[in-house]
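So the chains spell out like this:
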Amino acid sequence: MSKLLYVQASPRKGRSKSIQVADAFAAAYRESHPGDTLEVMDLFAADLPAFDGPAVTAKYVILHGEKHTTEQRRIWDGVEKVIAHFKSADKYLFAAPMWNFGIPWRLKQYLDILIQPGYTFRATENGSEGLVKDKPVMTVYARGGEYPEGTDAAALDMQKSYFELALRFIGFEKIHSIIVEPTLAGPEKTDIALKKALKEAAQSAADF
């Protein structure tokens with residue numbers, strides 16, 4: 001039995017095209033994997049620790065094996081708890097809209113918590129090595145414009161390119177994606193893009 005962690009990175013809920021398509025993927029996954037468990041994590045409702053000055057200080061003091069305070073231990077325990085929860089999953093599903101050509105700030109905050117040396121990657125003689133291995137991930141991206149690969153517009157896509165760079169850095173190799181675009185080009189184009197993505201989601205869930 002596997003655990004699928006479904007991370008929602010949009011606060012728009014049912015109005016979010018990325019969540020609509022990811023929900024369709026999750027529903028199809030439940031049907032084709034009845035013995036698996038599915039956990040939904042809403043990043044805009046989750047109690048994520050702030051990765052601020054005190055957290056950075058706690059990180060370096062503790063990871064360097066230096067004497068630390070009770071408060072620093074408490075802060076770092078909160079970071080470790082988020083990382084452990086993430087790594088407890090066997091498969092991952094993300095719903096990620098494009099915000100200002102990149103990803104929403106809560107998803108960036110989540111990555112900043114997760115990407116820690118000794119937990120999700122380590123340094124080796126040959127460079128960094130990701131530690132989250134042999135786990136598939138599906139990300140549904142939604143964007144108002146169109147950024148097809150091989151075009152000038154693709155250079156503006158710092159959503160998919162950055163997020164998948166981060167995933168590869170911590171060890172993911174089985175990276176899959178569904179793109180909903182454009183969502184701000186009028187009802188007709190949006191409807192066509194959404195229907196195409198929903199069909200793709202339903203078809204790809206069975207073998208995930």
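See the structure printed just above.
Residues numbered from 1 in each chain as written. Predicted model: local features only at pLDDT ≥ 70, side-chain atom pairs only at ≥ 80, totals over all residues. Heavy atoms only, no water.

Trainee: Tell me about the packing of aromatic side chains, residues and numbers included.
Mentor: Any pair of aromatic rings gets described here by the distance separating the centres and the angle formed by the planes. Tallied over the entire structure, the rule returns 13 aromatic pairs. Each ring, one from F25 and one from Y29, has its centre 6.5 Å from the other, and the planes form 20°; the classification is stacked. One end of the pair is F25 and the other is Y29, both in helix α1 (residues 17-32) and four residues apart, which spans about a single turn. Put simply, the rings of F86, Y92, Y110 and F172 touch in pairs and so form one group of aromatic residues. (Phe/Tyr/Trp six-rings, centres within 6.5 Å; stacked < 30°, edge-to-face > 60°. Helix = DSSP H or I, 4+ residues; strand = E, 2+ residues; numbered from the N terminus.)

Trainee: So what's going on with the side chain of K3? Residues and values would help.
Mentor: Checked against the element boundaries, K3 lands in strand β1 (residues 3-8). Within the structure, K3 has its side chain in polar contact with the side chain of S88 (distance 3.0 Å). Ignoring any residue separated from it by four or fewer positions in sequence, one finds K3 in contact with T37, E39, H85, S88, A89, D90 and K91. (Polar contact = N/O pair within 3.5 Å; in protein donor to acceptor, adjacent residues only side chain to side chain. Contact = heavy atoms within 4.5 Å.)

Trainee: I'd love a proper account of the packing of α1 against helix α6 (residues 187-204), names of residues and values included.
Mentor: Contact geometry of α1 with α6 gives a least axis separation of 8 Å together with a crossing angle of 25°. Comparing the axis directions of α1 and α6 gives the class roughly parallel. Here α1 and α6 pass one another in a crossing that is right-handed. Within the contact between the two elements, α1 uses K17, Q20, V21, A24, F25 and A28 and α6 uses T190, L194, A197, L198, A201, A202 and S204. Each residue belonging to the contact of α1 with α6 can be placed in one class, and the counts come to nine nonpolar, three polar and one charged. (Axes fitted to C-alpha atoms, helices over the stretch in contact; angles between N-to-C directions. Parallel < 35°, antiparallel > 145°, perpendicular 65-115°, else oblique. Left-handed = near helix turned anticlockwise from the far one by under 90°. Nonpolar A, V, L, I, M, F, W, Y, C, P; charged D, E, K, R; others polar.)

The analysis is restricted to geometry; functional conclusions fall outside its scope.
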